[in-house]
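Listed here are the chains, written in short residue letters.
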Amino acid sequence: MTNETRRLRDHPLVQLTLVRYREFFREPEAVFWVFVFPVLLTAGLGIAFRNQAPERTPVAVVERGAASASVVEALARSPDLLASALPEAAAADALRTGRVALVVVPGAASDTAEYRFDSERPESRIARLLVDDALQRAAGRRDPIGVADRRVSEPGSRYVDFVVPGLLGMNLMGSGIWGLGFAIVDARRKKLLKRLIATPMSRVQFLASFVLSRLTLLVIEVAVLVGFAVLAFGVPLRGSVASLVIICLLSALSFAALGLLLASRARTVEGVSGLMNLVMLPMWIFSGVFFSASRFPDALQPFIQALPLTAVNDALRASMLEGAGWARLAPEIGIIGAWLLLSFALAVRLFRWR
Amino acid sequence: MTGPASSAPSLLVRGLRKRYADVVAVDGLDLEIRAGECFGLLGPNGAGKTTTIEICEGLTEPDEGEVLVLGRRWGEHDRELRELLGISLQETQFSEKLTVEETVRLFRSFYRQGPSADEVIGTVQLQEKRAGRVGQLSGGQRQRLALACALVGDPALLFLDEPTTGLDPQSRRQLWDLIERFKADGRAILLTTHYMEEAERLCDQVAIVDHGRQIALGTPRELVASLSAEHVVEFAASPGVPVSEDGLRQVDGVEAAVRRDDTYRVRVAELHRTVPALLAELRRQGVQLTELRTHSATLEDVFVELTGRHLRDQ
Ligand SMILES: Nc1ncnc2c1ncn2[C@@H]1O[C@H](COP(=O)(O)OP(=O)(O)OP(=O)(O)O)[C@@H](O)[C@H]1O
Ligand SMILES: [Mg+2]
């Protein structure tokens, strides 16, 4: 080792930052939650919600002699339906437990029928349309317009494309808030913070070591998750890499500042955990990680849009999926930046070293 | 200002007071420690030792009083003072995931000058554990790590809050040697301990405090001499026959008699006169002795006498 590198290694900021890495990488659970878990979740969701050829919708026909046989035959001709004849009680049971989407009860006259289904279930409403179509055609209906179907599956519109930016945002939030919150409160509880300020250590460098380590770990975090999503599922990256990098950087800083704020007074790990969950839970629900935030009522929207994770998720989706430019991203970046400044200013004011 | 030739005290405390919500932790304390001196702060639990030490370390704000550390005041020369002080707090847990060497290296990096991390690890004899995780150290090894972290800045004044609690006799002796060498270099130490033989052995000056107030000050020898009776007779009696303490006090030459469970402690001026009389009195009371010991009065006897409590039983 040359003198120069030795001197650099013994710089307090380098030493403090090394401590952060060591504490992180020597805790297998933390490594799992930050690096492995998001990839597993992406893989699971990507596979579960993959776009596939639509399955045949199961329907039941109540057994009523010859009439039911001809109905089953007519339905069997539709490529989208799977029809079976059942006694009335068994059919009702199958409908109730969701094994069939709809029950056809052939009428006394051959040109009548009854559909039993739950109009709240989307697949039942679809089954109603398909069954009716098949029966009407079998009875000789002629369609006045000739149509042809062509199926498309476009990257960017699938569920996995929607969920990956959400998972990335959620991960940035989790590792920022947990990463800082636990480490600081644990050091306070152990009187280690007090011991550190009894040395000539610069307090700014102490805090800077958290920022530095977060930013370097961030690179791995983002590269692993985005890389996996792109390679395994072909999730698109339509925006510039620069915009993705800036959004991730700013988000990581903002959540780190929020973590610092939450950890500024707490004396026990239990106390800070409660506080962190209280802050993160609304964002897991409202900020559009797994489903769009627009599903919530309009009255809630101003609150939802002001949450940092909503801004992060929206910005990531706009950049990755829509290739949005800086002008489009400006409002979200503004919200994330405002959270950063506000949390940091408050944290510095409230922070207790002992 | 910090050299051995300097005559200014390394630490000067005047009229120190610190109140917490429901207790007065420090109630008008004066201290003076000179270079080359080891000063022992003794007192029962809750006496205010840690509070006093932490005020001197600039970690706690006093309500009243003056603190002059190496000629400087907190609030004016903090950064400079931090470079000059070595501190071991009563309870610090270092990060369990770091190794001994990494921890010492971290603390070393904060100071402009001082011995290398390796040297300090050698000084506290943790070489074998250098690469071991802090989480796997024994209690005494952790204490030595705390000491190493106090020494990395080559301090002129060392604050040690119960540095030998939990150390085995060997390690304690090693620490004593270290303190002796430290003193010989003309540096100063403020030490708290619950081990009286340690204070007697190491400290040039001892202050006994209770309820935040100083109740005795002097060299260990002076304090022991201040007891008019310099010998202690201890005996245990078989249970059943109660010993009358008043009867004991009536014996000629007995200065004080206290009972603890089945053991009695009697302070006497002259063994050769009083012990026979004492035995005669016990025989008269019909007491069956199971044990009999005598020793010269120690700092511990002074302590028990002054604070009315037995330190290690707290
Ligand atoms: N932060 C605090 N808040 C309230 N009371 C405190 C605080 N710190 C100390 N005290 C009280 O001040 C008194 C003195 O405490 P201190 O820790 O100085 O005692 P000590 O002499 O070091 O005791 P020990 O031998 O047990 O270490 C105690 O009654 C303690 O309860
Ligand atoms: Mg104490």
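One can find the structure itself at the top, above this paragraph.
Residues numbered from 1 in each chain as written. Chains lettered and ligands numbered in written order. Predicted model: local features only at pLDDT ≥ 70, side-chain atom pairs only at ≥ 80, totals over all residues. Heavy atoms only, no water.

### Quick look at the overall build of chain A
Quick reminder of the rule: Labels follow the DSSP assignment, with helices taken as runs of H or I lasting at least four residues and strands as runs of E lasting at least two, numbered in each case from the N terminus. The atom set for the radius of gyration is the C-alpha atoms, and the globule formula is 2.2 Å times the number of residues raised to the power 0.38. For the exposure calls, accessible area comes from a 1.4 Å probe over protein chains only, and a residue counts as buried if that area is under 20% of its type's maximum, exposed if over 50%, partly exposed in between.
Helix and strand counts for chain A stand at 14 helices and four strands. For 354 residues, the compact-globule estimate of 2.2 N^0.38 gives 20 Å, and the C-alpha radius of gyration of chain A, at 29 Å, exceeds that figure by more than 25%. Here the C-alpha coordinates of chain A stretch approximately 95 × 45 × 40 Å along the principal axes. Within chain A, buried positions represent 44% of all 354 residues.

### Observations regarding the state of the cysteines
In protein structure, a disulfide is the covalent linkage between the sulfur atoms of two cysteines. Put simply, the rule reads: A pair of sulfur atoms, both from cysteines and within 2.5 Å, is called a disulfide here.
One pass over the structure, following the stated rule, counts zero disulfides over all chains. The thiol of C56 of chain B is unpaired, and the distance to the nearest cysteine sulfur, on C38 of chain B, comes to 14 Å.

### Quick look at the side chain of R188 of chain A
All names here are of chain A. Applied cut-off: Positive: Lys, Arg. Negative: Asp, Glu. His and the chain ends are not part of the count. Each reported salt bridge corresponds to a side-chain nitrogen of Lys or Arg within 4 Å of a carboxyl oxygen of Asp or Glu. In the analysis that follows, any N or O atom pair within 3.5 Å is treated as a polar contact, provided that within protein one partner can donate a hydrogen and the other can accept it, and provided that, for residues neighboring in sequence, both atoms belong to side chains. We call two residues contacting when some pair of their heavy atoms lies within 4.5 Å.
Structurally, the position occupied by R188 is in helix α7 (residues 159-189). In this structure R188 is buried but unpaired, with D186 as the nearest side chain of opposite charge at 10 Å. A polar atom in the side chain of R188 sits 2.9 Å from the backbone oxygen of A263. In this view, R188 contacts L193, A263, S264, R265, A266, R267, F351, R352 and R354; residues no more than four positions away in its chain are not counted.

### Topic: helix α9 (residues 203-233) of chain A
Rules: Here the expected span of a helix is defined as 1.5 Å times the quantity of residues minus one.
Compared with the 45 Å implied by 1.5 Å per residue over 31 residues, the 44 Å span of α9 of chain A between its first and last C-alpha is a close match. Looking at where α9 of chain A begins, the residue whose side-chain oxygen comes 3.3 Å from the main-chain nitrogen of V204 of chain A is S202 of chain A.

### Regarding the site of ligand 1
All names here are of chain B. Going by this rule: We define proximity as follows: a residue is near a molecule or strand when any one of its heavy atoms falls within 4 Å of that partner. Areas reported here follow the Shrake-Rupley algorithm with a probe of radius 1.4 Å; residue values treat only the protein chains shown as occluding. Classification used: nonpolar for Ala, Val, Leu, Ile, Met, Phe, Trp, Tyr, Cys and Pro, charged for Asp, Glu, Lys and Arg, polar for all others including Gly.
Taken together, 14 residues surround ligand 1, and among them N45, G46, K49, T50 and T51 come closest. A distance of 3.0 Å is found between an oxygen atom of ligand 1 and a side-chain nitrogen or oxygen belonging to Q90. H194 places a side-chain nitrogen or oxygen 3.0 Å from an oxygen atom of ligand 1. Taking 630 Å² as the accessible area of ligand 1 by itself, protein coverage stands at 64%. With three residues, helix α1 (residues 49-56) is the largest single contributor of residues to the shell around ligand 1. Considering only residue class, the shell around ligand 1 consists of five nonpolar, seven polar and two charged.

### Examining the interface of chain B and chain A
Put simply, the test is: Throughout, buried area stands for the accessible area (probe radius 1.4 Å) lost by two parts on being put together, summed over both.
Across the contact, 27 residues belong to chain B and 24 residues belong to chain A. In total, about 2500 Å² of surface goes out of reach between chain B and chain A, with carbon and sulfur atoms giving 56% of it. Applying the counting rule to chain B against chain A returns eight salt bridges. Of the charged contacts in the structure, one is a salt bridge between E102 of chain B and R22 of chain A, with a shortest N-O distance of 3.3 Å. For the side of chain B that touches chain A, the secondary-structure elements that each account for two or more residues are α2 (78-84), α3 (100-109) and α5 (139-151) of chain B. Tallying contributions element by element places α3 of chain B first for the side of chain B that touches chain A, with five residues.

### Here we look at the pattern of salt bridges
Residues and elements named next belong to chain A. Enumeration over the complete set of coordinates arrives at 49 salt bridges over all chains. Note that R20 and E23 form a salt bridge whose closest N and O atoms lie 3.1 Å from each other. Taken together, the residues R20 and E23, both in helix α2 (residues 12-25) and three residues apart, mark about one turn of the helix. When its relative accessible area of 12% is taken as the criterion, R20 is described as buried. Among the residues examined, E23 registers a relative accessible area of 18% and is labelled buried.

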